[in-house]
Amino acid sequence: MENPQDIFSSNGGCLIDIVIEKYLVESKESVSHVQLACSMQDCAFPLDGTELCIWNTEDPSHQLLILRGHHQPITAMAFGNKVNPLLICSASLDYVIMWNLEECREKVLQGLVPRGTVMGSLLGKVLCLQLSPDDHVVAVCAGNKIFMLDIETQAVQAKLHGHLGPVTAVEFCPWRAGILISVSEDRGFKVWDHCTGSLIYSSSVLSAYPLLSLFIDAESRQLVTGCADGQLWIFSLMDGHHYRRVARVDLRKKTETFSTRRVKSGLCSQPEESHLPSTSALGKGEQVEVTFPVLRLAPCDLSLIPNSACGCLSSENTQCVWIGSSVGLFVFNLANLEVEAALYYKDFQSLSILLAGSCALRNRTADRKALCLLASLFGGKIAVLEINPAALVRAQQCHSVGQSLSVPASFCVLPTSPLYLGIAKEKSTKAASQQRCGDGQWLACGLANHLSLVFDASLTGTPAVFSGHDGAVNAVCWSQDRRWLLSAAQDGTLRVWSARGAELALLLGKDMFSKPIQSAQFYYIDAFILLSSGPEFQLLKYHIDTCKDEIKRYKQKSKSKLICRLSMTGAVDMTSLSAVNDFYSHIVLTAGRNRTVEVFDLNAGCSAAVIAEAHSRPVHQICQNKGSSFTTQQPQAYNLFLTTAIGDGMRLWDLRTLRCERHFEGHPTRGYPCGIAFSPCGRFAACGAEDRHAYVYEMGSSTYSHRLAGHTDTVTGVAFNPSAPQHGAHLHTTELYKGRRAKCVLLPPASTGKHLEEKWDELCGAFRGRFKRRKPCLSYYGHSGTGERFPSQIY
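Residues numbered from 1 in each chain as written. Predicted model: local features only at pLDDT ≥ 70, side-chain atom pairs only at ≥ 80, totals over all residues. Heavy atoms only, no water.

Peer 1: Teacher, can you tell me more about the overall build of the protein chain here?
Peer 2: Secondary structure summary: the protein chain contains seven helices and 59 strands in total. The buried share of the protein chain, taken over its 795 residues, is 59%. For the protein chain, restricting intrachain contacts to residue pairs at least 6 apart in sequence, the fraction spanning at least 24 positions comes to 52%. Summed over its atoms, the accessible surface of the protein chain is roughly 32000 Å², and 50% of this surface lies on carbon and sulfur atoms. (Helix = DSSP H or I, 4+ residues; strand = E, 2+ residues; numbered from the N terminus. Buried < 20%, exposed > 50% of the residue type's maximum accessible area, 1.4 Å probe, protein only. Contact = heavy atoms within 4.5 Å. Areas by Shrake-Rupley, 256 points an atom, 1.4 Å probe, with all protein chains shown as cover.)

Put into structure tokens, the structure is as follows:
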């Protein structure tokens with residue numbers, strides 16, 4: 001098992017700085033599975049069953065405020081949202097009582113017995129309490145009913161029926177007055193209008209296990225709920241989204257991935273036995289799977305932490321959530337759906353509780369610490385922990401080894417670099433001097449019937465045919481000057497064609513490559529050809545002779561020369577390759593079958609960084625933000641790139657931090673590699689899906705903004721028109737047919753989402769071609785009136 005010193009001290013962290021047990025008390029009766037409560041300064045828990053205890057973190061005497069009034073064991077409690085007066089509500093089988101803490105403390109100082117206000121009696125076993133944001137209403141979850149009690153009049157405003165099992169958690173919507181959301185052991189959630197007592201929405205059954213916790217994020221307007229088997233379900237609460245599912249997360253798998261990345265990055269030693277997925281059972285060799293029941297969810301705003309303490313966390317990616325489980329606490333990022341930090345109770349010898357039955361969490365803005373109230377799963381121990389989120393995140397975050405990397409070239413080519421041309425060197429290496437243009441006038445498609453076709457972008461007329469391959473075409477790519485079209489196929493050959501006459505200009509044969517070429521493209525403003533074959537990629541310098549000899553026209557005069565070849569770490573086969581050809585860039589991105597993404601710096605001629613466990617399956621496409629001459633982006637925006645894998649959605653990465661900034665998984669891709677694309681403006685990402693739709697995402701949201709219908713089978717490829725960078729742009733797709741045919745659809749620009757979908761429907765049947773392979777490759781091409789060219793390739 002990992003040594004705690006390895007876990008928390010490898011990156012400058014200290015065990016004492018991360019968590020401190022501030023208070024410990026033992027109750028005669030177990031308080032496991034009781035709803036505990038924390039405010040900014042106070043913690044509330046039941047003691048010996050019927051006594052409500054309040055412990056103030058700023059009281060130097062550490063005296064408990066004991067409130068008596070219940071005759072049955074207390075089962076739930078909750079603080080109000082206002083500071084003055086600070087209210088707390090407690091519930092048992094006999095009463096629901098509201099307490100004013102300021103008045104209770106004054107009566108104790110006067111030697112009097114503090115009394116609360118009875119809100120209701122004999123409502124049943126209460127599992128959850130929640131006060132409204134204005135502290136006017138309290139929601140009491142008793143059995144499968146929710147009682148809405150007016151705090152001032154103690155009257156029942158509404159009684160909400162509909163759940164088939166006990167209600168376990170409830171939350172008020174912060175931005176919509178009168179909206180209440182509840183989860184239950186019936187494994188679904190419901191949305192209510194508690195003012196009228198009506199049901200607005202009822203979800204389907206989400207899991208095989210009861211839902212235990214609930215959290216509403218006001219910034220992203222998302223609903224997060226956790227269940228007993230460690231699954232997290234995230235739904236969108238935005239208007240018009242109809243409570244669509246954003247993501248489903250397995251907490252156990254996420255913690256495994258988090259631990260694996262830390263081991264591969266060298267932040268901790270290789271564990272002898274993993275305490276994440278399993279633990280020892282009865283017999284030798286037998287193991288039992290461990291789950292992480294999501295006992296509590298609470299906000300965790302890492303933007304309050306100084307940037308130096310957050311390591312490589314970007315300022316736009318700091319909205320997280322605390323996950324309280326039986327074995328530890330986790331910081332979970334809602335943008336990239338990754339675990340940012342993990343705190344296991346048993347890694348700290350100073351902690352008295354190693355297995356929790358219930359917990360409560362609260363961030364304190366004054367000292368940027370977090371309070372955690374724990375109750376032991378077995379026994380009556382209750383502990384108050386003070387956690388330093390900055391120290392926790394700093395101790396477990398990977399170093400930002402990619403900060404010196406940049407897609408736009410920031411240095412001149414070194415004489416030792418494979419890119420060194422000797423005579424012709426680039427005059428400028430800044431992003432401002434990029435030569436790009438394109439109006440998407442032509443579209444190239446590689447087919448499984450060994451052909452490559454070039455269509456007019458309007459998809460009218462007869463396409464130009466490029467024939468000569470003996471296998472399915474894997475890749476097509478336009479040159480930056482528009483004169484040449486490159487194609488690579490399963491027959492192990494690479495061909496460069498004249499775009500005007502469809503004539504073969506350069507042929508690279510099978511004997512040059514050990515395995516079929518998976519990816520190929522022009523590189524460094526057409527100075528090189530970059531291709532991947534097996535576990536390596538090759539950089540080729542080429543010369544195309546345009547002189548014609550009618551007598552010896554069979555003899556090829558065009559030549560190529562191998563400049564260098566580089567292999568991935570571990571010598572695994574490459575599944576995808578990407579580099580920018582539209583401006584000078586030294587960066588090449590590769591993906592391997594071991595689920596890693598590796599960054600190569602060709603100026604140095606070596607591997608620069610490795611992203612371990614980039615997806616749960618091998619990445620089948622990398623797509624970079626290459627921009628367009630019709631729009632302007634910040635130079636830093638070109639460091640963003642997308643990756644996708646079967647069954648794991650689409651991820652947005654930043655080369656400078658080598659971190660996943662956002663995860664998109666609202667589109668189904670369970671068994672087929674569907675294509676992705678970056679919009680020319682850099683604001684949108686598009687992808688195909690198996691439900692016969694194309695999806696468009698905005699970069700600042702985890703859920704899709706448009707779901708475009710019209711296809712009759714799997715959408716296999718997408719491409720944006722480089723001449724329409726704003727408001728949706730032109731989007732081109734290819735579709736898989738059961739009859740081994742495909743349809744191409746071109747989408748015109750639109751200023752609104754509704755108009756976007758209307759235009760999609762109008763032009764959805766513009767073209768139907770014959771595709772025999774299951775994944776045709778696309779490449780957009782266009783030119784401007786000035787004669788400048790721009791290619792944009794999509795696989």
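Peer 1: Help me understand the packing of aromatic side chains, please; the structure alone is not making it clear to me.
Peer 2: Two descriptors summarise a pair of aromatic rings, namely the distance from one centre to the other and the angle between the planes of the rings. This model, assessed by the stated rule, comprises 17 aromatic pairs. Between the aromatic rings of Phe 537 and Phe 600, the centroid separation amounts to 5.0 Å while the plane-to-plane angle is 75°, which identifies the pairing as edge-to-face. With Phe 537 in strand E40 (residues 536–543) and Phe 600 in strand E44 (residues 597–601), this pair connects stretches of sequence that are 63 residues apart. For Phe 600, a relative accessible area of 1% corresponds to the buried category. Cation over ring: Arg 244 sits above Tyr 704, and NZ or CZ is 3.7 Å from the ring centre. (Phe/Tyr/Trp six-rings, centres within 6.5 Å; stacked < 30°, edge-to-face > 60°. Lys NZ or Arg CZ within 6 Å of the ring centre and 35° of its normal.)

Peer 1: Looking at this model, I keep getting lost on the nonpolar core. Mind explaining?
Peer 2: Nonpolar side chains in soluble globular proteins tend to end up buried together. Judged by nonpolar contacts, the single largest core of 32 residues is most densely connected at Phe 45, Leu 52 and Leu 373. In this view, Phe 45 contacts Tyr 23, Val 25, Leu 36, Glu 51, Leu 52, Cys 53, Trp 55, Leu 64, Met 77, Leu 373 and Ile 382; residues no more than four positions away in its chain are not counted. In terms of nonpolar packing, the next biggest core, distinct from the first, is built from 29 residues, Cys 320, Trp 322, Tyr 345 and Cys 372 among them. (Core = buried A, V, L, I, M, F, W, Y, C linked by side-chain atoms within 4.5 Å.)

Peer 1: In this structure, what is going on with unusual backbone geometry? I would like to understand it.
Peer 2: Glycine aside, residues mostly have negative phi angles, and peptide bonds mostly take the trans form. A cis amide bond links Asn 84 to the next residue, Pro 85, at an omega of -5°. Structurally, Pro 85 is set in the loop between strand E6 (74–79) and strand E7 (87–92). Unusually for a residue other than glycine, Gln 154 sits at a positive phi of about 60°. Structurally, Gln 154 is set in the loop between strand E12 (145–150) and strand E13 (156–160).

Peer 1: Which parts of the structure should I look at to understand the confidence of the model for the protein chain?
Peer 2: Parts of the model with low pLDDT should not have their predicted coordinates read in detail. Predicted confidence across the protein chain gives a mean pLDDT of 81, with 79% of residues reaching 70 or more. Counting contacts from residues 1–13, a segment whose pLDDT is below 50, to residues more than four positions away or on other chains yields 42 contacts. Within the model, pLDDT remains below 50 along residues 781–795, and this stretch shows 66 contacts once partners closer than five positions in the same chain are excluded. (pLDDT = per-residue confidence, 0-100.)

Peer 1: Would you take a moment to explain the pairing of strand E14 (residues 167–172) for this structure?
Peer 2: If a strand is regular, its side chains alternate between the two faces of the sheet. For E14, the tally of buried residues reaches five of six residues, placing the bulk of the element in the interior. Where E14 folds back on strand E15 (residues 179–184), the antiparallel hairpin that results is connected by six residues, among which Gly 178 adopts a positive phi of roughly 90°. (Pairing = 2+ DSSP bridges.)

Peer 1: Teacher, can you tell me more about the environment of Gln 634 here?
Peer 2: Looking at the secondary structure, you find Gln 634 in the loop between strand E46 (619–624) and strand E47 (640–645). Of the residues examined, Gln 634 reaches a relative accessible area of 58% and is grouped as exposed. C-alpha separation for the pair Gln 634 and Gly 682, spaced 48 residues apart in sequence, amounts to 9.9 Å.

Peer 1: Explain the sheet that holds strand E42 (residues 574–578) here, please?
Peer 2: Two modes of strand pairing occur in sheets, parallel and antiparallel, and in both the strands are linked by backbone hydrogen bonds. Read across the open sheet, the four strands follow the order E42-E43-E44-E45; overall the sheet is antiparallel. Where the open sheet ends on each side, the last strands, each with one partner, are E42 and strand E45 (606–611). Neighbouring strand axes in the sheet, compared pairwise and without regard to direction, differ in orientation by 25° on average. (Axes fitted to C-alpha atoms, helices over the stretch in contact; angles between N-to-C directions.)

Peer 1: Looking at this structure, I do not really get the side chain of His 663. What am I missing?
Peer 2: Positionally, His 663 belongs in strand E49 (residues 659–664). Within the structure, the side chain of His 663 is placed 2.9 Å from the backbone oxygen of Asp 648, a separation counted as a polar contact. (Polar contact = N/O pair within 3.5 Å; in protein donor to acceptor, adjacent residues only side chain to side chain.)

Peer 1: Explanation requested: the pairing of E7 in the structure shown.
Peer 2: Burial runs high along E7: six of the six residues are buried. By the alternation rule, side chains of E7 split into Leu 87, Cys 89 and Ala 91 and Ile 88, Ser 90 and Ser 92, which are all buried. Examined bridge by bridge, E7 and strand E8 (residues 95–100) share five bridges and lie antiparallel to one another. Residue pairing in the sheet places Ile 88 in a bridge with Trp 99 of E8. Counted between consecutive antiparallel strands, the loop separating E7 from E8 contains two residues.

Peer 1: How should I be thinking about the layout of surface pockets in this particular structure?
Peer 2: Rolled over the atoms, a probe sized like a water molecule indicates the empty space that remains. Approximately 960 Å³ is the volume found for the second largest pocket. Lining the second largest pocket are 30 residues, and of these Arg 248, Val 249, Gly 647, Asp 648 and Glu 665 lie nearest its centre. At the level of secondary structure, the elements contributing two or more residues to the lining of the second largest pocket comprise strand E21 (245–250) and helix H4 (251–265). Class assignment for the residues of the lining of the second largest pocket results in five nonpolar, ten polar and 15 charged. (1 Å grid on protein atoms, 1.4 Å probe; cavity = no way out; pocket = protein on both sides within 12 Å on 5 of 7 lines; lining within 4 Å. Points joined across faces, edges and corners; volume = space filled by probe spheres on them. Nonpolar A, V, L, I, M, F, W, Y, C, P; charged D, E, K, R; others polar.)

Peer 1: Would you take a moment to explain the environment of Ser 404 for this structure?
Peer 2: Mapped onto the elements, Ser 404 comes out in the loop between helix H6 (389–396) and strand E31 (442–446). Overall, Ser 404 belongs to the exposed group, its relative accessible area being 61%. In the structure, Ser 404 is positioned 251 residues away from Leu 655 in sequence and 9.2 Å away in space, judged by C-alpha atoms.

Peer 1: What is the right way to look at the sheet that holds strand E36 (residues 494–498) in this model?
Peer 2: What the four strands build is an open sheet, ordered E34-E35-E36-E37; its pairing is antiparallel. Looking at which strands have only one partner, the edges of the open sheet turn out to be strand E34 (473–478) and strand E37 (504–508). Mean inter-strand twist for the sheet, computed between neighbouring axes without regard to direction, equals 15°.

Peer 1: Would you mind showing me how to read the environment of Arg 651 here?
Peer 2: Turning to its location among the elements, Arg 651 is positioned in strand E48 (residues 650–654). On the basis of relative accessible area, Arg 651 is assigned to the buried category, the value being 3%. Not counting residues up to four positions away in its chain, the partners in contact with Arg 651 are Lys 254, Arg 261, Glu 338, Ala 614, His 615, Phe 641, Leu 642, Thr 643, Cys 660, Arg 662 and His 663. A polar side-chain atom of Arg 651 sits 2.4 Å from a polar atom in the side chain of Glu 338. A polar contact of 3.3 Å, which involves the side chain of Arg 651, links it to the side chain of Asp 648.

Peer 1: Can you help me understand the pattern of salt bridges in this one?
Peer 2: Opposite charge on two side chains allows them to pair when their charged atoms are near. Under the counting rule described, the total for this entry stands at 15 salt bridges. Two residues, Glu 338 and Arg 261, come together in a salt bridge whose shortest N-O distance is 3.4 Å. Of this pair, Glu 338 sits in strand E27 (residues 338–344) while Arg 261 sits in helix H4, and the two are 77 residues apart along the sequence. Exposure remark for Glu 338: the relative accessible area of 6% places this residue in the buried category. With its nearest N and O atoms 3.9 Å apart, the salt bridge here joins Lys 369 to Glu 386. (Salt bridge = Lys/Arg side-chain N within 4 Å of Asp/Glu carboxyl O.)

Peer 1: Could you clarify how one ought to interpret a positive patch on the surface in this entry?
Peer 2: Side chains of Arg 245, Arg 248, Lys 253 and Arg 670 sit close together on the surface and give a patch of like positive charge. Along the polypeptide, Lys 253 turns up in helix H4. Using a relative accessible area of 48% as the deciding quantity, one classes Lys 253 as partly exposed. (Patch = residues over 30% accessible without salt bridge, like charges linked within 9 Å, V, L, I, M, F, W, Y side chains within 5 Å. Lys, Arg positive; Asp, Glu negative; His and termini not counted. Charge placed at Lys NZ, Arg CZ, Asp CG, Glu CD.)

Peer 1: Help me out: how do you make sense of H6 in this one?
Peer 2: In an α-helix there are 3.6 residues to a turn, and that puts residues three or four apart on one side. Counting buried residues in H6 gives seven out of eight residues, a clear majority hidden from the surface. For H6, the full list of buried residues reads Pro 389, Ala 390, Ala 391, Leu 392, Val 393, Ala 395 and Gln 396. If you check the start of H6, you find a side-chain oxygen 3.1 Å away from the backbone N of Ala 390, and it comes from Asn 388.

Peer 1: Honestly, the side chain of Asn 603 in this entry has me stumped. Any pointers?
Peer 2: With respect to the helices and strands, the residue Asn 603 is situated in the loop between E44 and E45. Since its relative accessible area comes to 7%, Asn 603 is described here as buried. Contact partners of Asn 603, with chain neighbours within four places excluded, come to Phe 411, Cys 412, Val 413, Leu 414, Ser 417, Leu 419 and His 586.

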